[in-house]
Amino acid sequence: MEMSVRLIRRAGRCVHKSLIFCSLFLYVVVGKTLMLLAPHTMETLLKSRFEMTGAHVPKFQYEDWGPTVFTFKFLWSVLQIMWLRLEDEAFLGKTAPNTPVVDLNGELHHIWDYLRDGWALKNNISIKKHQNIQDRLSAAKRLMEELPSCPVVVDTMQNLCSAKYAALPERLYILQEGKVIYKGNMGPWGYKPEEVRGVLEKTK
């Protein structure tokens, strides 16, 4: 019985992946066609969409990220992210997945250990795709140069944290006493630190 359930789930996941691929492929083809036929209109639309997110990154101009949208590298990157979201197990009000992470000394921990009650762009830092845990630790140490005011850990090479929290390319969460009390929308459009601040202020 258990084997049958697993096979059904696997078949359902394959169907879901195929539907995601078809819809995203069509999205990219249509978007690429419109970029060629009406580049100025698409530039205006993309800029407007970016501004709607409330994200203000003066360092990045449209020329840095606009031409990367609707490319097949974009398609592959987003496709991997959307497929990974099928593994999402972090739901509001439910128990938070206690996935393994690695600290900057290379020691293995789990995400609950840090509970306290309390597609490549231009003009960016170039970090190659991680081939091993040392690559990830090096990238995290580069982040530490910016002096983040929180502990920094990295996912294992099995990517369980990214999968269970549907975290790629970026997503904000608040965990409290082992429960998910805030789950942000998918970045970059849904990356809103001000929402996190509001929830944290209410839970003081």
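Above this text sits the structure in question.
Residues numbered from 1 in each chain as written. Predicted model: local features only at pLDDT ≥ 70, side-chain atom pairs only at ≥ 80, totals over all residues. Heavy atoms only, no water.

(A) Geometry of the nonpolar core. Of all hydrophobic cores here, the largest spans 14 residues; its most connected members are Met35, Leu46 and Phe70. Secondary-structure elements contributing two or more residues to this core are helix H1 (2–37), helix H2 (39–52), helix H3 (62–65) and helix H4 (72–84). Look past the residues within four positions of Met35 in its chain and what remains in contact with it is Met42, Leu46, Tyr62, Gly66, Val69 and Phe70. Judged by nonpolar contacts, the second largest core, of 9 residues, contains Ala90, Ala96, Ile111 and Leu175. (Core = buried A, V, L, I, M, F, W, Y, C linked by side-chain atoms within 4.5 Å. Buried < 20%, exposed > 50% of the residue type's maximum accessible area, 1.4 Å probe, protein only. Helix = DSSP H or I, 4+ residues; strand = E, 2+ residues; numbered from the N terminus. Contact = heavy atoms within 4.5 Å.)

(B) Looking closely at the pairing of strand S5 (residues 179–183). Sheet topology note: the strand S4 (residues 173–176)/S5 ladder contains 4 bridges and is antiparallel. Counted as the bridge partner of Tyr173 is Lys183 from S5. Here S4 folds back onto S5, and the loop between the two strands holds 2 residues, one of which, Glu177, carries a positive phi near 55 degrees. (Pairing = 2+ DSSP bridges.)

(C) Quick peek at the side chain of Thr99. As for its placement among the helices and strands, Thr99 is situated in the loop between H4 and strand S1 (100–102). Judged by its relative accessible area of 5%, Thr99 falls in the buried class. Those residues within four positions of Thr99 in sequence are excluded, and the remaining contacts are His109, His110, Ile111, Leu160, Cys161, Lys164 and Tyr165.

(D) Quick look at the environment of His110. Residue position: His110 is located in strand S2 (residues 108–110). With relative accessibility at 33%, the residue His110 sits in the partly exposed group. Residues His110 and Thr99, spaced 11 residues apart in sequence, show a C-alpha to C-alpha distance of 5.5 Å. In this view, His110 contacts Asn98, Thr99, Pro100 and Val101; residues no more than four positions away in its chain are not counted.

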